[in-house]
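# Examining the three-dimensional arrangement
If you want the building blocks of each chain, they are given just below.
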Amino acid sequence: MNTISSVDDLKATVKTLKGQGKSVGLVPTMGALHEGHLSLVTRCRAENDVVVVSVFVNPTQFNNKEDLKTYPRTEEADKKLLEAAGCDIVFMPCAEEIYPEPDNRIFKLGKVAEVMEGAMRPGHFNGVAQIVSKLFDFVSPDRAYFGEKDFQQIAVIRSMIASEGYKLEIVSCPIIREADGLAKSSRNVRLTPEMRKIAPNIARILSESCNFAKSNSVAATQQYVIDSINAFDGMEVEYYQIVDGISLKEVNDWKDSSYIVGCITVYCGDVRLIDNIAYLK
Ligand code: PAF
């Protein structure tokens, strides 16, 4: 595995490989890797000649300085995991390498970026678009891999690709969960032992709500999820929205769409967790 920290080296290395006719897959990450990320790397390995993984905690997507400061950083462990997962190139730049000057670009991300996370974390998705577009420019991947835990992020990246005219395939990969159902997240390590114990109730209640939904309205199902989670001491739902899986517009009736997804964020103590579930017909 080749570890690269400079943009010029990355571009030159990928250019040589592409010149040899090799297909290139990219897995953008912020490190603190877990099995969720590794599932993306495994899929990327299976579908491309060359696997590039970026590990970069992107400052422009954090609207909360404390969150940026406390975001876990485990670079040496990440390298070992990536090597074992068959990564060819790990790109680990410093912030100055990516942002030698401030990035003032404002992306046209459309309505999908305005709701839910977009409303709660102003500027977050523009920051994601800044780093992801830079990575696409550096690597020109044939395919890029993203996890469905960040369901809205995938919709926003698809929108960015359409507006910027990138030609690549976005591959969305299913959420990987702990044995007790908690969605794997780099933030899980920040949960206190008490919060770690109750956090799996998020996934359990989302899953149970699919059954509840069969004989209840969208509004009642939304309320059921919010009330059931808020009943746990220390957990507080920030939002639970039941939306069309493509437009991310809220649905009022189960008949409004053939692809409906519930997206949640919950404060577990002071750790903000996200998860989602598809309501299958
Ligand atoms: O999902 C993430 O970890 C980040 O938002 C991403 C896509 C790597 C951009 O920094």
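Just above sits the structure.
Everything in this summary refers to the structure shown in the same document. This structure is a prediction, so every number in the text was calculated from the model and none was measured.

### Points about the sheet that holds strand S9 (residues 271–279)
In sheet architecture, strand pairing relies on hydrogen bonds along the backbone and comes in two forms, parallel and antiparallel. Across the sheet, which stays open at both edges, the three strands sit in the order S7-S8-S9 with antiparallel pairing between neighbours. Each edge of the open sheet is held by one strand with a lone partner, namely strand S7 (235–244) and S9. When strand polarity is set aside, the average angle formed by the axes of neighbouring strands in this sheet is 15 degrees. Looking at chain direction, S7 and strand S8 (residues 260–268) are connected through nine bridges and run antiparallel. Bridging from a neighbouring strand, methionine 235 pairs with cysteine 268 of S8. Relative to the sheet, helix H11 (residues 218–230) contacts S7, S8 and S9, its axis offset from that of S7 by approximately 160 degrees.

### Section: helix H8 (residues 151–164)
The first and last C-alpha atoms of H8 sit 20 Å apart over 14 residues, in line with the 20 Å expected at 1.5 Å per residue. Counting buried positions along H8 gives 10 out of 14 residues, so the element sits mostly inside the fold. Burial in H8 covers these residues: Phe151, Gln152, Gln153, Ile154, Ala155, Val156, Ile157, Ser159, Met160 and Ile161. Two residues or fewer past H8, glycine 165 is found with a positive phi of approximately 75 degrees.

### Overview of the packing of helix H7 (residues 124–139) against H8
Contact geometry of H7 with H8 gives a least axis separation of 10 Å together with a crossing angle of 60 degrees. When the axis of H7 is compared with that of H8, the two are oblique. Handedness of the H7/H8 crossing: right-handed. Within the contact between the two elements, H7 uses Phe125, Val128, Ala129, Val132, Ser133 and Phe136 and H8 uses Gln152, Gln153, Val156, Ile157, Met160 and Ile161. Class assignment for the residues of the contact of H7 with H8 results in nine nonpolar, three polar and no charged.

### Comments concerning the layout of surface pockets
Each pocket or cavity is described by its volume, and for the largest pocket that value is around 260 Å³. Contributing to the lining of the largest pocket are 14 residues, with Asn64, Asp67, Tyr267, Asp270 and Arg272 lying nearest its centre. Of all elements in the fold, only helix H3 (65–70) and S9 reach the threshold of two or more residues within the lining of the largest pocket. By residue number, the principal contributor to the lining of the largest pocket is H3, which donates three residues. Of the residues in the lining of the largest pocket, the class split is three nonpolar, three polar and eight charged. Of the voids in this model, the second largest pocket is the one considered here, and its volume is about 190 Å³. Around the second largest pocket sit Glu148, Phe151, Ile154, Ala155, Arg158, Ser172, Gly245, Ile246, Leu248 and Tyr259, which together line it. Residue contributions to the lining of the second largest pocket peak at four residues, all from H8. A class-by-class count of the residues in the lining of the second largest pocket yields six nonpolar, two polar and two charged.

Reading guide: rules and limits
Counting restarts for each chain, with residues numbered from 1 along the sequence as it is written. Reporting in this predicted model follows two pLDDT cut-offs: at least 70 for local features of residues, and 80 or more for side-chain atom pairs to be given and counted; totals over whole chains, interfaces and linings ignore these cut-offs and use all residues. Only hydrogens and water are set aside when side-chain values are computed; all heavy atoms of the structure are taken into account. Paired strands are those between which DSSP finds at least two bridges. The helix and strand labels rest on DSSP assignments: H or I over at least four residues marks a helix, E over at least two residues marks a strand, and numbering proceeds from the N terminus. The convention used is that axes are lines fitted to C-alpha atoms, helices contributing only their stretch in contact, and that angles between N-to-C directions extend from 0 to 180 degrees. Every residue pair with non-hydrogen atoms within 4.5 Å of one another is taken to be in contact. One less than the residue count of a helix, multiplied by 1.5 Å, gives the span that helix is expected to have. Burial classes: relative accessible area under 20% of the type maximum marks a residue as buried, over 50% as exposed, and values in between as partly exposed (1.4 Å probe, protein chains only). Note on angle classes: values under 35 degrees are labelled roughly parallel, values over 145 roughly antiparallel, values of 65 to 115 roughly perpendicular, and the remainder oblique. Put simply, a crossing is left-handed when the front helix is turned counterclockwise from the back one by less than a right angle, and right-handed when it is turned clockwise. In this classification, Asp, Glu, Lys and Arg are treated as charged, Ala, Val, Leu, Ile, Met, Phe, Trp, Tyr, Cys and Pro as nonpolar, and every other residue, Gly included, as polar. Here a cavity denotes grid points, spaced 1 Å and computed from the protein atoms alone, that fit a 1.4 Å probe unable to get out, and a pocket denotes an open set having protein on both sides within 12 Å along at least 5 of 7 lines; residues with an atom within 4 Å of a point are the lining. Grid points are joined across faces, edges and corners, and a volume is the space filled by probe spheres set on the points.

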